[in-house]
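Breakdown of the fold
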Amino acid sequence: MSTYTVSGQFQSRDGDQPFTKEVEAENESLARERIYTTVGSQHNRKRTQIEIEEVSAA
């Protein structure tokens, strides 16, 4: 598995909140999915409220 750095933003009450997270995944697509599930569950946001701007291999 590779490590990916994912950055983007999600909608919150105070406006858009930027984030940068590192995740382990087999490919870029799975890294995106893991971010959607992690950020969505931690901040109670739907996929449409999360915008991923960049995914890069770390």
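It should be emphasised that the depicted structure is a prediction, and the values quoted were computed from it without experimental measurement. (Residues numbered from 1 in each chain as written. Predicted model: local features only at pLDDT ≥ 70, side-chain atom pairs only at ≥ 80, totals over all residues. Heavy atoms only, no water.)

Describing the pattern of salt bridges
All chains considered together, the criterion is met by two salt bridges. With its nearest N and O atoms 3.8 Å apart, the salt bridge here joins Glu28 to Arg32. Of the two residues, Glu28 and Arg32 both sit in helix H1 (residues 28-43), four residues apart, roughly one turn of that helix. According to the relative accessible area criterion, Glu28 is partly exposed, its value standing at 37%. A salt bridge links Arg47 to Glu33; its shortest N-O distance comes to 2.9 Å. Here the residue Arg47 occupies a position in the loop between H1 and strand E3 (50-57), and Glu33 occupies one in helix H1, the gap between them amounting to 14 residues. Looking at Glu33, the relative accessible area reads 36%, which means it is partly exposed. (Salt bridge = Lys/Arg side-chain N within 4 Å of Asp/Glu carboxyl O. Helix = DSSP H or I, 4+ residues; strand = E, 2+ residues; numbered from the N terminus. Buried < 20%, exposed > 50% of the residue type's maximum accessible area, 1.4 Å probe, protein only.)

Observations regarding the side chain of Ser7
If you trace the backbone, Ser7 turns up in strand E1 (residues 2-12). With relative accessibility at 17%, the residue Ser7 sits in the buried group. For Ser7, the contacting residues outside a window of four places in its chain are Phe19, Thr20, Ile52, Glu53 and Glu54. (Contact = heavy atoms within 4.5 Å.)

Thoughts on unusual backbone geometry
Even without glycine at this site, Asn44 takes up a positive phi of about 55°. Since its relative accessible area comes to 67%, Asn44 is described here as exposed.

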